[in-house]
Amino acid sequence: MKLYYAPGACSLSDHIALLEAGLDFELERVDLKRKTTASGADFTAINAKGYVPALVLDDGEMLTENIAVLDWIATRHPALGLEGPLGRTRLLEALAYISTEIHKDFKPFFTGAGTGEKLRAQAQIIRRLQWLVERMRKPYLFGSEPTVADFYLFVTLRWAAKFGIVVPESLADLRERMLTRPNVQAAIEFEEGAAQRTGSA
Ligand SMILES: N[C@@H](CCC(=O)N[C@@H](CS)C(=O)NCC(=O)O)C(=O)O
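Reading the values: the criteria
- Residues numbered from 1 in each chain as written.
- Predicted model: local features only at pLDDT ≥ 70, side-chain atom pairs only at ≥ 80, totals over all residues.
- Heavy atoms only, no water.
- Core = buried A, V, L, I, M, F, W, Y, C linked by side-chain atoms within 4.5 Å.
- Buried < 20%, exposed > 50% of the residue type's maximum accessible area, 1.4 Å probe, protein only.
- Helix = DSSP H or I, 4+ residues; strand = E, 2+ residues; numbered from the N terminus.
- Domains from an automatic or database assignment.
- Contact = heavy atoms within 4.5 Å.
- Expected span 1.5 Å × (residues − 1).
- Buried area = accessible area lost by both parts, 1.4 Å probe.
- Salt bridge = Lys/Arg side-chain N within 4 Å of Asp/Glu carboxyl O.

So, on to the nonpolar core. Grouped together as the largest cluster of nonpolar side chains are 54 residues, with contacts concentrated most on Val-148, Leu-153 and Leu-171. Taken together, the elements giving at least two residues each to this core come down to β1 (2-5), α1 (11-21), α3 (66-76), α4 (87-105), α6 (115-133), α7 (148-162), α8 (169-179) and α9 (182-198). A per-element tally of this core places α7 first, with ten residues. Residue-level mapping places this core at the junction of two domains, with at least three residues from each of domain 1 (2-77 + 183-198) and domain 2 (82-181). Here Leu-153 is in contact with Ile-98, Ile-102, Leu-129, Leu-132, Leu-141, Leu-171 and Leu-174, once residues within four sequence places are set aside. Judged by nonpolar contacts, the second largest core, of eight residues, contains Tyr-4, Phe-43, Val-52 and Ala-54.

Looking now at α7. Residues separated by three or four positions in an α-helix point in the same direction, a consequence of the helix having 3.6 residues per turn. Taking 1.5 Å per residue, 15 residues should reach 21 Å; α7 reaches 22 Å between its end C-alpha atoms and fits that length. Positioned one or two residues after α7, Gly-164 has a phi angle of 75°, which is positive.

Looking at the assigned domains, one finds that the protein contains domain 1 (2-77 + 183-198) and domain 2 (82-181). Computed over C-alpha atoms only, the centres of domain 1 and domain 2 are separated by 20 Å. Every contact between the two is made by 19 residues of domain 1 and, on the other side, 18 residues of domain 2. Roughly 1600 Å² is buried in total at the junction of domain 1 and domain 2, and carbon and sulfur atoms are behind 68% of that figure. On the domain 1 side of the interface with domain 2, the three residues burying the most area are Ile-67, Asp-71 and Val-184, jointly 30% of the side's total. Inspection of the domain 1/domain 2 interface yields three salt bridges.

Right, here's the structure in full:
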């Protein structure tokens, strides 16, 4: 299978999850501004939505939308999901919150919005994160082991650091703990190396 990704984007969570799941996959970088891939293909001809992540399975089926891609990986490798009758539902609930509430709130930081809009977004991000902090089981969202939801949250916590947003202490701890995982380090090093090789982020 092949993951279409952009360095440091939300697709980093899928990259980490695929490594943690021990699945066999290839990577192809996408230039999100030009909508081209590293091999020179028109990305919109591959994924008409024009955004990452896109995961092309071995049978040619393509999965898009981070919630669906991460849920698919957790289904293939249940240790990255949650057990119990409500396990998958709770995982989807967390993924949806991270995607539609936290990820979405970073938009002004990626679109070059004005200071006022960024300050409003920052306050909202901190409120959303605080809601998680009050419910997380620590050190990860659901206890001692990370799920795919932690990988997605981790990516948004990296964005927070990049844009100078100070996050609650338990989430700063989660971010640091995640950085000690060899698969997380490998994914970041690969993506940062790819960005440097092509001279863009
Ligand atoms: N609804 C999509 C949104 C994914 C998304 O926002 N991807 C960003 C990177 S984090 C992207 O590719 N942006 C480029 C664009 O939208 O043109 C999902 O949840 O997977």
